[in-house]
Structures are given as structure tokens and as C-alpha cells.
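Summary of structural features
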Amino acid sequence: MVTTGELRKGLTILYDGELMRINEFQHVKQGRGSAYVRLTLRNVRTGATVTTTVQAGEKFNVAQLEKKVVQFLYRDGEDFYFMDTETYDQPVVKESVVGDAANYLIENAEVELLTYEDEVLDIALPPNVVLRVAETEPGYKGDTASGANKPAVMETGLRVMVPLFINVDDLLRIDTRTGTYIERA
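Residues numbered from 1 in each chain as written. Predicted model: local features only at pLDDT ≥ 70, side-chain atom pairs only at ≥ 80, totals over all residues. Heavy atoms only, no water.

**Here's the deal with the overall build of the protein chain**
The following threshold applies: Think of it this way: any DSSP run of H or I at least four residues long counts as a helix, any run of E at least two long counts as a strand, and we number them from the N terminus. To get the radius of gyration, use the C-alpha atoms; to get the globule rule, take the number of residues to the power 0.38 and multiply by 2.2 Å. Only protein chains enter the accessibility calculation, which uses a 1.4 Å probe. A residue is then buried if its area is under 20% of the maximum for its type, exposed if over 50%, and partly exposed in between. A contact between two residues is defined here by any heavy atoms of the two lying within 4.5 Å. We get accessible surface area from the Shrake-Rupley algorithm with a probe of 1.4 Å; when it comes to residues, only the shown protein chains can shield them. Note on charges: Lys and Arg go in the positive column, Asp and Glu in the negative column, and His and the chain ends are not counted at all. Just so you know, the charge point we use is NZ for Lys, CZ for Arg, CG for Asp and CD for Glu.
When helices and strands are counted, the protein chain shows 1 helix and 16 strands. Scaling as 2.2 N^0.38, a compact globule of 185 residues should have a C-alpha radius of gyration of about 16 Å, whereas the protein chain reaches 22 Å, well beyond that. Expressed along its principal axes, the backbone C-alpha trace of the protein chain runs to roughly 70 × 45 × 25 Å. The buried share of the protein chain, taken over its 185 residues, is 37%. The long-range fraction of contacts in the protein chain, counting pairs at least 24 apart against all pairs at least 6 apart in sequence, stands at 41%. Summed over its atoms, the accessible surface of the protein chain is roughly 11200 Å², and 44% of this surface lies on carbon and sulfur atoms. Each charge class in the protein chain was averaged separately, 20 positive and 29 negative side chains, and the resulting centres sit 9 Å apart.

**Observations concerning the pairing of strand 12 (residues 128-136)**
The cut-off we apply is this: By the convention used here, strands pair only if DSSP detects at least 2 bridges between them.
Strand direction decides the pairing type here: strand 12 and strand 15 (residues 171-175), joined by 5 bridges, are antiparallel. By the bridge assignment for strand 15, Val129 is matched with Ile174. The sheet contact formed by strand 12 and strand 13 (residues 149-154) spans 3 bridges and is antiparallel. From the neighbouring strand, Glu135 faces strand 13, where its bridge partner is Val153.

**A word on the packing of aromatic side chains**
Definition in use: Stacked, tilted and edge-to-face pairs are distinguished by plane angle, under 30 degrees for stacked and over 60 for edge-to-face with tilted covering the rest, among Phe, Tyr and Trp rings (Trp via its six-membered ring) whose centres lie within 6.5 Å.
Tallying each qualifying case throughout the model produces 4 aromatic pairs. When the ring of Tyr74 is compared with that of Tyr81, the centres are 4.6 Å apart and the planes differ by 15°; the resulting orientation is stacked. A relative accessible area of 39% means that Tyr74 is categorised as partly exposed. Judged by its relative accessible area of 17%, Tyr81 falls in the buried class. One aromatic cluster is present, built from ring pairs that chain together Phe72, Phe80 and Phe82.

**Some details on the nonpolar core**
The test is simple: By convention a nonpolar core is built from buried Ala, Val, Leu, Ile, Met, Phe, Trp, Tyr and Cys residues, the set being connected through side-chain atoms within 4.5 Å.
Formed by 13 residues in total, the largest nonpolar core has its most connected members in Phe80, Phe82, Val98 and Leu105. What Val98 contacts, discounting residues up to four positions off in sequence, is Phe80, Val93, Leu105 and Ile123.

**As for the sheet that holds strand 16 (residues 181-184)**
Operational definition: As a rule, the C-alpha atoms of each element are fitted with a line to give its axis, helices using only the stretch in contact, and angles between N-to-C directions run from 0 to 180 degrees.
What the 5 strands build is an open sheet, ordered 14-13-12-15-16; its pairing is antiparallel. Each of the sheet's edge strands pairs with one partner strand only, and the pair in question is strand 14 (159-163) and strand 16. Mean inter-strand twist for the sheet, computed between neighbouring axes without regard to direction, equals 50°.

**Brief notes about the side chain of Thr115**
Inspection of the secondary structure puts Thr115 in strand 10 (residues 110-116). Residue Thr115 is classed as buried on the basis of its relative accessible area of 4%. Those residues in contact with Thr115 that sit more than four places away from it in its chain are Gln64, Leu65, Glu66, Val120 and Leu121.

**Observations regarding the sheet that holds strand 10**
Spatial strand order, 9-8-7-10-11: 5 strands in an open sheet with antiparallel pairing. Since the sheet does not close on itself, it has two edges, and those belong to strand 9 (92-94) and strand 11 (119-124), each with one partner. Strand after strand, the sheet turns through a mean of 45° between neighbouring axes, direction not considered. Pairing of strand 10 with strand 11 involves 5 bridges; the strand directions are antiparallel.

**Describing the pattern of salt bridges**
This is how the line gets drawn: A pair is scored as a salt bridge if a Lys or Arg side-chain nitrogen falls within 4 Å of a carboxyl oxygen belonging to Asp or Glu.
Tallied over the entire structure, the rule returns 7 salt bridges. Note that Arg45 is salt-bridged to Glu119, the shortest N-O span being 2.9 Å. In this pair, Arg45 is assigned in the loop between strand 4 (36-43) and strand 5 (49-55) and Glu119 in strand 11, connecting sequence segments 74 residues apart. Residues Asp79 and Lys94 are paired through a salt bridge, measuring 2.9 Å at the closest nitrogen-oxygen approach. Here Asp79, found in strand 8 (residues 79-84), pairs with Lys94, found in strand 9; they are 15 residues apart in sequence, far enough to count as distant. Relative accessible area serves as the criterion here: at 17%, Asp79 is assigned to the buried category. Overall, Lys94 belongs to the partly exposed group, its relative accessible area being 46%.

Below, the structure is given as C-alpha cells:
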């Protein structure tokens, strides 16, 4: 149990029987009357955002999320298959849970699954991944004066703007938070 004074951004709590992640909170104390806390909560399962106010001092149950390091095996339609490297269990995760993380998943990549009571809620990617360039146009000599970029399609289907000297089959380090090119690997 946590009180309103112990709330922080990113904490997952049980609110009205639902798993909610705190996006924002603001403690408000007016001249007269009691203090209250304005919360912006995001439903972890549905993604819906709710804004609510509660009295200062109210208590909330904290959801105990487990993190498991798993290895990505393969994708079959809308299902993503992972393997727990300790127990060799193979959890199946739906595409709706994986979301945009699918653009960064390659075979044998290690990621963290966030689970609550054996239900997979989210995937935590590393800050950057190494992907192979599947297709891009060739850069031409003399085009580098302006520091121009060109589009490249990675092996996962992700489109990234890269410098002109990048060629097909180059390995690139890509930032998973912004989806941008960092450097050649």
C-alpha cells in the first residue's frame, strides 16, 4: 500500500479493480479546504487514459509486476513466441501487446517481459538494437556536402533515415526509443 505522498510517475497501481500506470500526478493545496491529488492514469490492458482526483492521504494497492528476461524465438502471424532462458517455458504474446516493439525484434534477441499474475502486459526493449539493412538506394559521390540522409528499410521492416554512405547488408545500431540511426555496428 502506498499513500498519495508516495506516488511517482510510472508506478502501476490497482485502481477501481483495474491495473493503472501513473502518467502524471499533481498535489494541489488550496487556501481553504483540504488538499487533493490530481492523477492521470493509463489502463495497462486497454491503453485508455483517465484523469481523476483523490483526497490527499488516500491509499492504493501497488501492483507487483514481474520482469522476466526472455529470448525472442519467432513470429507466427499475430503471435510472438519467446523462451524463458531459465525454465525453458515458451510464452506466446499477441501482436496487440507487442505493438511497435515488433520493429526491433530479431531472432535470439533478449528482452524483458513485464507480467502480472502470469499475464504479459508489456515488453521492455534495450535502449538500442543492431539491425541489418535490407534495402536502400545507393549514395552517390559528391552528395555528402549537405550531410543528407536517405531512407533505408531494416530486416524487420522498420524504415530509418540513414547517411548516404550506408549500403545494403550493413549492420546499424538503432535507438529503440526514437527509431533513429545511431551508428554503424
